[in-house]
Amino acid sequence: MASSAAYSRIAVVGTGGYGWHFLRALVGSKHFATVRAVTRSTAGNKQEDEEKRLRNQELKSMGVQVVEYADISVKAFEETFKDIDIVVSAVGVAGVADQIPMIDGAILAGVKWFIPSEYGVADYQSMWMPFSSPLAAKSLVRDHLFTVAKPKGLAHTIVYTGMALDYLDPRAIGLQLGKRTATLVGRGGTPATFTSIHDVVRLIVEIVKRPQEMQNRTIRFAGSTANMRNLIKVVTGSNCGEHLRIISIDEAKGRFFELARSRNTKAFHVYARLLIEEGLAQINRCNEPLDNALFPTISPESVHKTLERLMAKASAAAAEGSGGLAGMKVAPVHRSDTAKSVTDGLGKSYKQGGPSVLSSSDSDTF
């Protein structure tokens, strides 16, 4: 296995969301001679293309190489990854399956280490959902890394960190921070894993500095383990009362199927809450050991502190009259790539034609 000194060139695929934060932190670490951003050449949308142009311009000003690829093909990725040692994927849910040709391109380019886009929850099988999880493509990617890439010399590391409430809009799980209200599905006592995006970024930077320890293994890192009742108490000040609405699981499932059949993206709201209630948002729900002890320099922010920080920003934004969650660069939750990808998967399971229907507001689903 190559020594850490040999790993001086790193590429991050995806420049929005996690990718943006990874790139900034990798440049700041001064550990790598080359930090490369890999991004699609065009989004096909004028506003998105302009945002990408400005983002690429800022990355270049930091010293990041920006390389674009035109299509999802092995050849395109092989060209993109030339002279790179490590590839960190930060694609969204909609691009998870694209990592298979990405991996094959990395093998041909001589990349030594590939970290797939996880940074969330594992693909635990739901006991009630009558179709494959929207996260199922991640299992295919992991299988490809284990059975195809590893025998050909491409190492991997799988990283699970649970949900980041400063990345995933808290409204998706029923927390209205500005209004200090909440909607709870079920009893709210099931543990879930939460890690702030800041701590996920610190974790990834630490991992890529330690290849001999970190290659060909799964890392489970938890900022906090908490249940929805814990979070609701932070937001509303209580686990009961007028600021909390409770929805039964049966009612939530009925609403979920109704939205799924019509391919309304608010199905994602219900999906996320049912996922938590079933226990699928805990990264060690099968008693897998956590790996926090491997990273003694990272003292993660608790989910309670994350919520308090976000609520303070929401209050500041409201005072300024700007609304929303200040400092959170997120699309409305029902318009996110994750919401659209999940909803399209639901619609296909019901053989409903056409793309997902974007909901017109951010009001609660129920």
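Residues numbered from 1 in each chain as written. Predicted model: local features only at pLDDT ≥ 70, side-chain atom pairs only at ≥ 80, totals over all residues. Heavy atoms only, no water.

A. Just the packing of helix α4 (residues 99–109) against helix α5 (residues 136–149), in detail. Look at α4 against α5: their axes get within 9 Å of each other, and the N-to-C directions meet at 25°. By the angle class used here, α4 and α5 are roughly parallel. Crossing angle aside, the handedness with which α4 passes α5 is right-handed. Touching Gln99, Ile100, Ile103, Asp104 and Ile107 of α4 are Leu140, Val141, His144, Leu145, Val148 and Ala149, all from α5. In terms of residue class, the contact of α4 with α5 is made up of eight nonpolar, two polar and one charged. (Axes fitted to C-alpha atoms, helices over the stretch in contact; angles between N-to-C directions. Helix = DSSP H or I, 4+ residues; strand = E, 2+ residues; numbered from the N terminus. Parallel < 35°, antiparallel > 145°, perpendicular 65-115°, else oblique. Left-handed = near helix turned anticlockwise from the far one by under 90°. Contact = heavy atoms within 4.5 Å. Nonpolar A, V, L, I, M, F, W, Y, C, P; charged D, E, K, R; others polar.)

B. Representation of the sheet that holds strand β5 (residues 113–115) within the structure. If you trace the seven strands from one edge of the open sheet to the other, you get β3-β2-β1-β4-β5-β6-β10, paired in parallel fashion. Among the strands making up the open sheet, the edge pair consists of β3 (65–69) and β10 (217–220). Pairwise comparison of adjacent strand axes, ignoring direction, gives a mean angle of 20° for this sheet. In this sheet, β5 lies alongside strand β4 (residues 86–89) in parallel orientation, the contact comprising three bridges. Within β5, the residue paired with Val88 across the bridge is Ile115. In the packing of α5 onto the sheet, the strands contacted are β5 and β6 (155–160), and the crossing angle to β6 comes to about 150°. (Pairing = 2+ DSSP bridges.)

C. Structural detail: helix α9 (residues 249–261). When the terminal C-alpha atoms of α9 are compared, their 18 Å separation across 13 residues agrees well with the 18 Å that a helix rising 1.5 Å per residue should span. Burial in α9 covers these residues: Ala252, Phe256, Phe257, Leu259 and Ala260. Viewed along the axis of α9, the buried residues span an arc of 165°, placing them on a single side of the element. One or two positions beyond α9, positive phi appears at Arg263, with a value near 55°. (Expected span 1.5 Å × (residues − 1). Buried < 20%, exposed > 50% of the residue type's maximum accessible area, 1.4 Å probe, protein only. Arc of directions from axis to C-beta.)

D. Examining the side chain of Thr39 more closely. Within the fold, Thr39 resides in strand β2 (residues 34–40). According to the relative accessible area criterion, Thr39 is buried, its value standing at 4%. Here the side chain of Thr39 touches Lys52 through a polar contact of 3.3 Å, side chain to side chain. Not counting chain neighbours up to four residues away, the residues in contact with Thr39 comprise Thr15, Lys52, Asn56, Val66, Val67, Glu68 and Tyr69. (Polar contact = N/O pair within 3.5 Å; in protein donor to acceptor, adjacent residues only side chain to side chain.)

E. Summary view of the confidence of the model for the protein. For the protein, per-residue confidence averages 86 on the pLDDT scale, and 84% of positions sit at 70 or higher. Within the model, the stretch residues 323–335 combines pLDDT values under 50 with 40 contacts to residues more than four positions away or in other chains. (pLDDT = per-residue confidence, 0-100.)

F. Molecular detail of the pattern of salt bridges. For the structure shown, the criterion picks out 15 salt bridges. One salt bridge in this structure joins Asp85 and Lys112, with 2.7 Å as the shortest N-O distance. Residue Asp85 is found in the loop between α3 (74–80) and β4, and its partner Lys112 is found in the loop between α4 and β5; the two are separated by 27 residues along the sequence. Overall, the relative accessible area of 0% leaves Asp85 in the buried class. Residue classification places Lys112 among the partly exposed positions, given a relative accessible area of 26%. Between Asp166 and Arg309 there is a salt bridge, with the nearest N and O atoms lying 2.9 Å from each other. (Salt bridge = Lys/Arg side-chain N within 4 Å of Asp/Glu carboxyl O.)

G. Structural view of the environment of Ser126. Within the secondary structure, Ser126 sits in the loop between β5 and α5. Apart from the residues lying within four places of it in its own chain, the contact partners of Ser126 are Glu278 and Leu280.

H. Highlighting the nonpolar core. If you look at the biggest cluster of nonpolar residues, it comprises 66 residues, and the most contacted ones within it are Phe81, Ile173, Leu175, Phe194 and Leu231. Element by element, the count of residues in this core is highest for helix α10 (residues 267–278), at eight residues. Counting residues in each nonpolar core, the second largest holds 36 residues, with Val35, Val66, Ala90 and Ala155 among its members. (Core = buried A, V, L, I, M, F, W, Y, C linked by side-chain atoms within 4.5 Å.)

I. Region of the structure containing the sheet that holds strand β12 (residues 244–247). Pairing within the open sheet is mixed, and its three strands lie in the order β7-β8-β12. With partners counted over all chains shown, the strands left at the sheet margins are β7 (175–176) and β12, one partner each. Inspection of the sheet shows β7 paired to strand β8 (residues 181–185) by two bridges, in the antiparallel sense. Bridge pairing in β8 links Gln176 to Thr181.

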